[in-house]
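Breakdown of the fold
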Amino acid sequence: MNTKKFLMIANQFPPMGGSGVQRSSKFAKFLPTFGYKAVVLTKTAPKKQDQTLMKDISSDTEILRVKGADVTNKFSFFAVFNKLFGKHFCIPDSEIFWVKKAISEAFKRLKKGDISLVYSTSFPYSDHLVGLAVKKEFPHIPWVADFRDEWTLNQYMIDIGYSKSRIAKEKAMELEVLRTADFIIANTESMQKGFVSLAPEIAQKIITIPNGFDSDDFAETIDTTMDTSKFTLTHAGSMYGRRKPDTLLKAVSELASENKIDKSKLSIEFIGNIKSRRINALALELGLSDVVKTISYMPHDELIKKLYSSSALLLLEGSGAGSGNFSPGKTFEYIKLDRKILAAVPENGEAANIVKTTNSGKVANSADKEEIKRAFLELYEEFFAGNIYPASNNEAIQRYDRRNQARMLAEVFDHLLQNTPALR
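Now for a look at the structure at hand. Think of each chain on its own: its residues are numbered from 1, step by step along the sequence as written. For this predicted model, a pLDDT threshold of at least 70 governs which residues receive local features, and a threshold of 80 or more governs which side-chain atom pairs are given and counted, while totals over whole chains, interfaces and linings are taken from all residues. In computing side-chain properties, one takes all heavy atoms of the structure into account and sets aside hydrogens as well as water.

We count a stretch as a helix when DSSP gives it H or I for four or more residues in a row; a strand needs E for two or more, and each element gets its number in order from the N terminus. Across its full length, the protein chain carries 15 helices and 13 strands. Exposure classes here rest on a 1.4 Å probe applied to the protein chains alone. A residue is buried below 20% of its type maximum, exposed above 50%, and partly exposed in between. Burial analysis of the protein chain (424 residues in total) assigns 55% to the buried set. Residue contacts are counted whenever heavy atoms from the two residues lie within 4.5 Å of one another. Considering only contacts in the protein chain between residues 6 or more positions apart, those separated by 24 or more positions represent 75%. Entry remark: accessible area of the protein chain is about 18500 Å², with carbon and sulfur atoms responsible for 52%. Calculation of accessible area relied on Shrake-Rupley with a 1.4 Å probe; when residues are assessed, cover is drawn exclusively from the protein chains displayed.

The following block contains the structure:
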């Protein structure tokens with residue numbers, strides 16, 4: 001097979017930890033199977049690293065690291081000023097100071113003449129500004145813009161309350177990216193529809209490639225550690241914005257007060273980048289301090305083993321405008337883990353549909369405490385009755401295998417380079 005090189009513009013990339021790096025690293029891992037090798041343009045490795053994620057990256061992968069300058073997340077005496085500076089001047093995001101250096105590095109690398117295609121992925125949206133500059137300088141090289149999150153329709157942007165002038169600037173950036181890119185990838189079907197509503201003329205050059213799971217991450221994990229004497233519900237991943245455990249914990253507290261569950265046989269664990277002080281204070285207020293446990297970020301391979309030891313997995317997403325268009329990255333690893341999921345998410349949203357179509361657990365409207373109580377109690381009672389595992393739809397689950405998604409992206413690349421039909 002004649003392998004072609006493509007430039008992957010991905011500010012977030014291993015050994016940076018977190019769910020944001022998974023999509024890029026898995027594409028880099030599996031695309032060579034379909035004839036495409038990534039040359040990665042990313043940010044200098046952070047001080048806090050998850051080296052286990054580097055196992056997906058071949059030792060011969062060319063990685064170009066450019067130093068970033070995100071001042072808005074630095075802890076200092078001027079922290080409040082930094083946040084205000086970021087809100088009003090860092091457009092479209094705090095990585096805007098990385099863009100100029102990244103563009104320079106991209107131009108230098110592309111001049112070698114061996115790159116067939118450019119792929120940029122967001123968040124941060126600044127990645128697409130690098131891709132846009134590259135397309136203008138090298139118009140003959142196809143450019144694919146991949147959106148892991150929505151941009152101006154994003155629920156978190158809506159909640160921040162940016163000024164009208166900033167929103168107008170970002171909408172102009174977004175439209176230029178959508179119209180200039182040779183092809184657009186959306187993370188969800190709702191996201192795809194949203195982009196087409198903004199720019200109807202892109203309808204023939206956009207498809208959905210969802211997030212997913214890598215079967216290799218689960219191959220060596222043996223299920224021998226579940227404690228069947230205690231119902232352990234685990235949430236993995238960041239918690240911010242509308243994604244809060246408040247309604248879930250209030251529901252559990254009420255179930256305990258109603259003597260429908262036994263707190264001594266219950267554990268609720270939150271793992272990752274979370275506001276542990278706030279969660280622990282809420283647990284204390286609700287009489288759940290002996291039930292709730294907060295754990296800091298875990299390396300990915302350790303996290304998978306931890307999730308395997310759980311009785312059930314918690315998926316949270318807040319309600320409100322735009323929330324249903326979003327599905328947390330952890331959703332896809334959850335459905336692979338063969339553990340029942342409690343999905344407290346917007347009804348009829350992307351996450352709810354995934355859990356339902358894969359038959360992986362129970363869905364409750366995140367805004368409805370009574371629904372959450374019902375779903376939680378059903379899982380709790382089923383567990384102690386010995387009905388531990390979900391009756392999953394394995395065919396539906398396989399749709400989210402990272403290998404299949406790499407094949408889909410490779411077909412887009414083939415379409416642009418060889419004029420073959422793009423996968424619809």
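Further notes follow.
Here a cavity is any set of points on a 1 Å grid over the protein atoms alone where a 1.4 Å probe fits but cannot get out, and a pocket is any open set with protein on both sides within 12 Å along at least 5 of 7 lines; a residue lines the site when it has an atom within 4 Å of a point. Grid points are joined across faces, edges and corners, and a volume is the space filled by probe spheres set on the points. What the second largest pocket holds in volume is close to 260 Å³. Forming the walls of the second largest pocket are 18 residues, and the residues nearest its centre are E189, E350, I354, R399 and Y400. Secondary-structure elements contributing two or more residues to the lining of the second largest pocket are α7 (189–198) and α12 (350–357).

The next point concerns the nonpolar core. Nine residue types can take part in a nonpolar core, namely buried Ala, Val, Leu, Ile, Met, Phe, Trp, Tyr and Cys, and a core is a set of them joined through side-chain atoms within 4.5 Å. Of all hydrophobic cores here, the largest spans 37 residues; its most connected members are L7, L41, L110, V118, V130, F147 and F195. Per-element accounting of this core gives the leading share, seven residues, to helix α3 (residues 96–110). Aside from chain neighbours lying at most four places away, what touches V118 is L7, I9, L110, V134, I141, P142, W143 and V144. Membership of the second largest hydrophobic core comes to 35 residues, among which are V252, F270, L288 and V292.

Once that is clear, we can look at the environment of P15. Residue position: P15 is located in the loop between β1 (4–9) and α1 (22–30). With 39 residues separating them along the chain, P15 and M54 place their C-alpha atoms 6.0 Å apart. In this structure P15 touches A45, K48, Q49, D50, Q51, M54 and R65, once residues within four positions along its chain are discounted.

Right, let's talk about the pattern of salt bridges for a bit. Where side chains of opposite charge bring their charged atoms close, a pairing between them can arise. Counted as salt bridges are all cases of a side-chain nitrogen of Lys or Arg within 4 Å of a carboxyl oxygen of Asp or Glu. Throughout the structure, instances matching the rule amount to 31 salt bridges. Between D217 and K26 there is a salt bridge, and its shortest N-O distance comes to 3.0 Å. You can see D217 sitting in the loop between β7 (206–208) and β8 (231–236) and its partner K26 sitting in helix α1, a full 191 residues away along the chain. Classification of D217 by relative accessible area gives buried; the value is 10%. Salt-bridge contacts for K29 lead to D56; the nearest nitrogen and oxygen are separated by 3.5 Å. Placement of the pair is K29 in helix α1 and D56 in the loop between β2 (36–43) and β3 (62–66), with a sequence separation of 27 residues. The partly exposed category is assigned to K29, whose relative accessible area is 22%.

Residue P15 is bonded to the preceding P14 through a cis peptide linkage, with omega at 10 degrees. Cis geometry marks the peptide bond from S122 to F123; its omega dihedral reads 20 degrees. Tracing the sequence through the fold places F123 in the loop between β4 (115–122) and α4 (126–137). A positive phi angle, close to 60 degrees, is found at N259, a residue other than glycine. A positive phi is found at D338, a non-glycine position, where the angle reads about 60 degrees.

Bringing helix α13 (residues 369–384) into the picture now. One fewer than the residue count of a helix, multiplied by 1.5 Å, yields its expected span. Given a rise of 1.5 Å per residue, 16 residues ought to cover 22 Å, and the 23 Å separating the end C-alpha atoms of α13 matches this to within 8%. Within the sequence span of α13, burial applies to I372, K373, A375, F376, L377, L379, Y380, E382 and F383. Those residues of α13 hidden inside the fold are in contact with β8, α8 (246–257), β9 (266–271), β12 (340–345) and β13 (361–365). For α13, the N-terminal capping position is held by D368, with its side-chain oxygen 3.0 Å away from the main-chain nitrogen of E370. Just downstream of α13 lies G386, where phi reads positive at about 90 degrees. In protein, a polar contact requires one atom able to donate a hydrogen and another able to accept it; more generally it is a pair of N or O atoms within 3.5 Å, and residues adjacent in sequence count only if both atoms are side-chain atoms.

Relative to the assigned elements, F13 resides in the loop between β1 and α1. Residues F13 and S25, 12 residues apart in the sequence, show an inter-C-alpha distance of 6.6 Å. F13 has contacts with M8, V21, S24, S25, A28, V40, T42, I57 and I63, leaving out every residue within four places of it along the chain.

Everything listed here is a matter of coordinates, which is why it stays silent on function.
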